[in-house]
Amino acid sequence: MTSPVYVALDTPDLERAKAIATKVRHHVGGIKLGLEFFTANGRSGVKEMAQLGLPIFLDLKLHDIPNTVAKAVQALRDLEPAVLTIHAAGGRAMMEDAKAAAPAGTKVVGVTVLTSLDDDDLRSIGVESDSHAQVERLTKLAREAGLDGVVCSGAEVKAAKRLWPDGFFVVPGVRPANGEAGDQKRVVTPRQALNDGASMLVIGRPITAAADPDEAARAIEATL
Ligand SMILES: O=C(O)c1cc(=O)[nH]c(=O)n1[C@@H]1O[C@H](COP(=O)(O)O)[C@@H](O)[C@H]1O
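Bear in mind that the values here come from a model prediction, so they are computed numbers and not experimental data.

A.B. asks: Would you mind going over the overall build of the protein with me for this structure?
C.D. replies: A count of helical and extended segments in the protein gives ten helices and eight strands. In summary, the protein has a C-alpha radius of gyration of 16 Å against a globular reference of 17 Å for 224 residues, a match within 12%. In terms of its C-alpha atoms, the protein occupies a principal-axis envelope of roughly 40 × 40 × 35 Å. A buried classification covers 43% of the 224 residues belonging to the protein.

A.B. asks: Would you take a moment to explain helix α4 (residues 92–101) for this structure?
C.D. replies: An α-helix turns once every 3.6 residues. As a result, residues three or four positions apart point the same way. Buried residues of α4: Met94, Met95, Asp97, Ala98 and Lys99, and no others. Next to the buried residues of α4 lie β3 (56–62), α3 (66–75), β4 (83–87), β5 (107–111) and α6 (131–144).

A.B. asks: Honestly, the site of the ligand in this entry has me stumped. Any pointers?
C.D. replies: Taken together, 19 residues are adjacent to the ligand, and Ala8, Thr115, Pro172, Gly204 and Arg205 come closest. Partitioned by chemical class, the residues of the shell around the ligand number eight nonpolar, seven polar and four charged.

A.B. asks: Teacher, can you tell me more about the nonpolar core here?
C.D. replies: Side chains that are nonpolar tend, in soluble globular proteins, to be buried together. One finds Val7, Ala98 and Val171 to be the most contacted residues of the largest nonpolar core, which totals 62 residues. The contacts of Ala98, once residues within four sequence positions are left out, are Leu62, Val69, Ala70, Val73, Ile86 and Val108.

A.B. asks: What should I look at first to understand the UniProt feature "active site" (unreviewed entry) in the protein in this one?
C.D. replies: According to UniProt, the "active site" (unreviewed entry) feature falls on Asp59, Lys61 and Asp64. Along the chain, the position of Asp59 falls in strand β3. Each residue touching Asp59, except ones within four places of it in the same chain, is listed here: Lys32, Leu33, Gly34 and Thr85. Here Lys61 shows up in strand β3. Once you skip the residues sitting within four places of it in the chain, Lys61 turns out to touch Thr85, Ile86, His87 and Val111.

A.B. asks: I tried to follow the UniProt feature "domain: Orotidine 5'-phosphate decarboxylase" (unreviewed entry) in the protein on my own but got confused; where do I start?
C.D. replies: Per the UniProt record, the feature "domain: Orotidine 5'-phosphate decarboxylase" (unreviewed entry) sits at residues 4–220. For residues 4–220, the helix share is 42%, the strand share is 17%, and the end-to-end C-alpha distance is 11 Å.

A.B. asks: Can you walk me through the packing of helix α1 (residues 14–24) against helix α10 (residues 213–222) in this structure?
C.D. replies: For any two helices packed against each other, the geometry comes down to the angle between their axes and how far apart the axes lie. Interhelical geometry of α1 versus α10 gives an angle of 45° and a closest axis separation of 8 Å. Regarding the angle of α1 to α10, the classification is oblique. Relative to α10, the crossing made by α1 is right-handed. Together, Ile20, Lys23 and Val24 of α1 and Pro213, Asp214 and Ala217 of α10 make up the contact between the two elements. Considering only residue class, the contact of α1 with α10 consists of four nonpolar, no polar and two charged.

Calculation criteria
Each chain has its residues counted from 1, running along the sequence as written. Whole-chain, interface and lining totals are the exception, using all residues; otherwise, since this is a predicted model, local features are given only for residues with pLDDT of at least 70 and side-chain atom pairs are given and counted only at 80 or more. Helix numbering and strand numbering both begin at the N terminus, where a helix is a DSSP run of H or I of at least 4 residues and a strand a DSSP run of E of at least 2. Both definitions apply: the radius of gyration is a C-alpha atom measure, and the globule rule equals 2.2 Å times residues to the power 0.38. Burial in this document is a count-based property: other C-beta atoms within 10 Å of a residue's C-beta are tallied, and the residue is buried at 20 or more, exposed at 12 or fewer, or partly exposed in between, with C-beta positions derived from the backbone. Note on contacts: residues are paired as contacts if their backbone-placed C-beta atoms lie within 7 Å. The criterion for a residue being near a molecule or strand is a backbone-placed C-beta atom within 6 Å of that molecule or strand. Under this grouping Gly is polar, as are all residues other than the nonpolar Ala, Val, Leu, Ile, Met, Phe, Trp, Tyr, Cys and Pro and the charged Asp, Glu, Lys and Arg. By definition, a nonpolar core groups buried Ala, Val, Leu, Ile, Met, Phe, Trp, Tyr and Cys residues that are joined through C-beta atoms within 7 Å. UniProt positions are given in the numbering used here, feature names are shortened, and annotations may be inferred rather than shown by experiment. Fitted lines through C-alpha atoms serve as axes, helices being fitted only where they are in contact, and the angles separating the N-to-C directions of these axes extend from 0 to 180 degrees. Just so you know how the angles are binned, under 35 degrees is roughly parallel, over 145 roughly antiparallel, 65 to 115 roughly perpendicular, and the rest oblique. Crossings are classed by handedness, with left-handed meaning an anticlockwise turn of the near helix from the far one by less than a right angle and right-handed meaning a clockwise turn.

And the structure:
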């Protein structure tokens, strides 16, 4: 079975990203390249990582007016990522236009509420709903806009899947039991996230910051 774990290679260092991906490749389903990697290495860096032969999740969390996001997605078409993120809070028209601009084989998923935010953080930016209700709201909107799925924490994935049984659910903020939460606030274990309906788990530091990343990925895989 292909592993649902995508390792987040959050580094500006292309050689380090390659080295970690090469080490863990037999215990993950793919690699996630985000803003830190992309702003340092750009499209050519993504192409170089693609040569490793693992599926790529390009996590750019695009969030702008519909025209700008659609044109940015168009400019990324030839990279053909397996998964691409946009912010669901960008609204329905933005999501519709992003999906229309993406390659047919790319799953476009909407980030709902970042896993680094709790209900107090939401209130501080004027969102009166709690994280659970806000994830549900944005999941419905993403579905209506024709996206393939959403990104949410493991605390909400069960509810999101109930609203969208055939949606694709990406769950970051995943930590092995007793793992360091760091800046993540809504955290669950990999096993719990899968039990509750996650399609894909995004795991960064628990693997990449380990003394032996392959052993860490293997240990996580053993809990699934
Ligand atoms: O879209 C994401 O992947 C994402 C969404 C979210 O709400 N929270 C979140 O942590 N992420 C990403 O998931 C990864 C989590 O990394 P670790 O906390 O090191 O496991 C990072 O690359 C984040 O950019």
